[in-house]
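Take a look at the letters that make up each chain.
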Amino acid sequence: MVSNKTGDILSYGFNCSLPNHDRTSIHSEENAWYEFKRLWKNRQISEKKLRSGVTMINLALTPSHTIRMSKPCKKCSNFITKNANVIREVHWSDADGQMRSRKTSEGFSDATLSSGDKNKHLKKAKKKKNNKNM
Ligand SMILES: [Zn+2]
């Protein structure tokens, strides 16, 4: 998590899950956010650093240290968009090794997913909606 105002790194998060995102594990995005919130609550982050919100930078490496896709999963996208007032922008690495970024306010559901992933995500989103209506 990086301050948009000062460029300071405010918190880090890691996870060691394999490319198949394990939904039960805590992802690096969540780790970084929890750590950020803890510091914020304890007033260890100055208001000045938060004045322009923060940027979440997410990078994923394979065991052989090549860059892989690190776009936030559905679950992480949800909490990131919920906190869009603080997390203004998200950067992630793509399968081609390039960094992508997006304003949180624009959402993530359609960005840089393969058609297969897209269908899977849409199905999941629909399921969640239905559950809410029950
Ligand atoms: Zn995630």
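Our structure's up above, just so we're on the same page.
What counts, and at which threshold
- Residues numbered from 1 in each chain as written.
- Predicted model: local features only at pLDDT ≥ 70, side-chain atom pairs only at ≥ 80, totals over all residues.
- Buried ≥ 20, exposed ≤ 12 C-beta atoms within 10 Å, placed from the backbone.
- Helix = DSSP H or I, 4+ residues; strand = E, 2+ residues; numbered from the N terminus.
- Pairing = 2+ DSSP bridges.
- Expected span 1.5 Å × (residues − 1).
- Arc of directions from axis to C-beta.
- Core = buried A, V, L, I, M, F, W, Y, C linked by C-beta atoms within 7 Å.
- Contact = placed C-beta atoms within 7 Å.

Quick look at the pairing of strand 2 (residues 54-58)
Covered by surrounding structure in strand 2 are Val54, Met56 and Asn58 only, the residues Thr55 and Ile57 on the alternate face being uncovered. Across 2 bridges, strand 1 (residues 2-3) lies against strand 2 in antiparallel orientation. Bridge pairing in strand 2 links serine 3 to valine 54. Bridging between strand 2 and strand 5 (residues 87-93) involves 5 bridges; their strand directions are parallel. Bridge pairing links asparagine 58 to tryptophan 92 in strand 5.

A short note on helix 1 (residues 28-41)
Relative to the 20 Å expected for 14 residues at 1.5 Å per residue, helix 1 spans 20 Å between its end C-alpha atoms, a close match to the ideal helical length. Those residues of helix 1 that sit buried are Ser28, Glu29, Ala32, Trp33 and Phe36. Buried residues of helix 1, seen end-on, are gathered within an arc of 130° and therefore sit on one face of the element. Within helix 1, the exposed residues directed more than 90 degrees away from the buried face are Arg38 and Lys41. Once helix 1 ends, the next one or two residues include arginine 43, with phi positive near 55°.

Notes on unusual backbone geometry
The phi dihedral of arginine 43 is positive, around 55°, even though this residue is not glycine. In this structure, arginine 43 sits in the loop between helix 1 and helix 2 (47-50). A positive phi is found at histidine 65, a non-glycine position, where the angle reads about 65°. Of note, histidine 65 is situated in the loop between strand 3 (60-61) and strand 4 (67-68).

Focus on the nonpolar core
Residues Met1 and Met56 are the most contacted members of the largest nonpolar core, which totals 13 residues. Residue assignment for this core shows that the elements contributing at least two residues are helix 1, strand 2, helix 3 (74-82) and strand 5. Setting aside chain neighbours within four positions, we find methionine 1 in contact with Leu10, Ser11, Ala32, Phe36, Val54 and Met56.

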